[in-house]
Amino acid sequence: MSHAPALKTALKRGALIAAANWPLVVVQFIAESTLKLILGVPVVGGIFLVVLLLDANVEEILRGDLREILAAVFSALRANPAALTSFALAFLVVLLGGSLLTFVVKGGTVAVLVEADDHAGAIERPPLRIAMLRRANRTGIDPFLAGCRRLGWRYVKLGLGLLVAYAVTAAAYFGLLFGGYALADNVGVLLWWTVIAAAASSAVIVWITVVNFLYLVTQIVMAVDDVGLRAALLTVVRFLRSSVREIAGIFGVVLLLVLLATAASVLATGALSLIGFVPIVAVAVMPLQIAAWLVRGIVFQYLALTALGAYLAQYRHYLDGTRLAPQQDKRPA
């Protein structure tokens, strides 16, 4: 009976396969950056609507990051239902279109990584050689496009389910917040509502993290088994029940690395912002900010593909165990 790969072994294998197929990291970074960029188009249009039609203050609207700007535009547009409807429809169309692109690109990425895992051999065992990385490198235009065609529609349906989960979570969360604001006059209720709101925020963060994890594992199952969404979800449940400790270990390590990378990014951004107030230095800081943004995006995408490779290694072991079990049952007593 084969043992499940150790936590270090699974993570090492995922990291090496992701490094061998490094162009996929760049592709994923470009796809997600494109989505964020095109989401700024309706936001800019909303700013023009607010400034030109509603005579809002530009400095107040543009204060803060993208989420704060979006909230400010939404708050200003509430005074004009027609403008708010147009802005919401434009944002929804861009969100759906950009998300469909990322879902299809993800299909090609996962398909190439699955093929790379098939040909990588025991790449996690030392000594590591360049020839082993070359053998694991399966990145190419034709395999990538073939993966997009094979998995694109199934990943679109899975991704739309993810967006629905996001929308329901956001509606429930903001409904709780706005409901609490309506009771703000009662001091006792307000105190308890503040505690409930803080607990709800933590619960939402945990829930979104779990949903993203299930989304990633379902992608792996759909790519390896070549099945539809319903069959993949059933397999994911069985996989999680049989390998919960190994999967939880990978999840915890990757989450810790993401938190450390996020903290480092926040510190670097804060340090650059402090010296960015100096007029002459601000010109030199801009390239550093762009470089920090690129490094941050590449690191997060690499961590995501590393986690995907580690989960894939665990799922391969799970499949080997399910295939060996019937053979063991058929052996004579």
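What you see as residue numbers is a count from 1 along each chain, following the sequence as written. A pLDDT threshold of at least 70 governs which residues receive local features in this predicted model, and a stricter bar of 80 or more applies before side-chain atom pairs are shown or counted, although totals over entire chains, interfaces and linings include all residues. For the side-chain quantities, the full set of heavy atoms in the structure was used; hydrogens and water were omitted.

A.B. asks: Can you help me understand the overall build of the protein chain in this one?
C.D. replies: Per the convention used, a helix needs a DSSP run of H or I reaching at least four residues, while a strand needs a run of E reaching at least two, with both numbered from the N terminus. Secondary structure summary: the protein chain contains 11 helices and zero strands in total. Listing every helix and strand of the protein chain by position from the N terminus yields α-α-α-α-α-α-α-α-α-α-α. Here the protein chain holds 333 residues, and the buried ones make up 34% of them. We get accessible surface area from the Shrake-Rupley algorithm with a probe of 1.4 Å; when it comes to residues, only the shown protein chains can shield them. Accessible surface, the protein chain: about 19500 Å² in total, of which carbon and sulfur atoms supply 71%. Think of it in three bands: residues with accessible area under 20% of the maximum for their type are buried, residues over 50% are exposed, and the middle band is partly exposed, with areas taken using a 1.4 Å probe on protein chains only.

A.B. asks: Please clarify how the confidence of the model for the protein chain should be interpreted in this entry.
C.D. replies: The predictor attaches a confidence to each residue, called pLDDT, with possible values from 0 through 100. Residues with a pLDDT of 70 or more make up 77% of the protein chain, whose mean pLDDT is 81. Element-level pLDDT for the protein chain is lowest in helix H3 (residues 58-61), with a mean of 60, against a maximum mean of 91 in helix H9 (residues 229-242). Here, residues are in contact when the closest pair of their heavy atoms is within 4.5 Å. This stretch, residues 325-330, has a pLDDT under 50; its non-local contacts, to residues over four places away or in other chains, come to zero contacts.

A.B. asks: Would you mind going over the side chain of Gln 301 with me for this structure?
C.D. replies: Tracing the backbone shows Gln 301 in helix H11 (residues 279-330). Polar contact is defined as a pair of N or O atoms within 3.5 Å, subject to the rule that within protein one atom must be able to donate a hydrogen and the other to accept it, and that residues adjacent in sequence are counted only when both atoms are side-chain atoms. Within the local environment of Gln 301, its side chain forms a polar contact with the side chain of Glu 32, the two groups lying 3.0 Å apart. If sequence neighbours within four positions are ignored, Gln 301 has contacts with Val 25, Gln 28, Phe 29 and Glu 32.

A.B. asks: Before we go on, may I ask you to explain the packing of aromatic side chains in this structure?
C.D. replies: Here the distance between the centres and the angle between the planes together describe a pair of aromatic rings. By convention, a stacked pair of Phe, Tyr or Trp rings (six-membered ring in the case of Trp) has centres within 6.5 Å and planes under 30 degrees apart, an edge-to-face pair has planes over 60 apart, and any other such pair is tilted. In the structure shown here, the tally under the stated rule is five aromatic pairs. Plain terms: the ring middles of Phe 239 and Tyr 315 are 5.2 Å apart, the flat faces sit at 80° to each other, and that makes the pair edge-to-face. With a gap of 76 residues between them, Phe 239 in helix H9 and Tyr 315 in helix H11 connect regions that are remote in the sequence. Residue classification places Phe 239 among the buried positions, given a relative accessible area of 1%. Among the aromatic residues, ring-to-ring pairing joins Phe 213, Phe 251 and Tyr 311 into one connected group.

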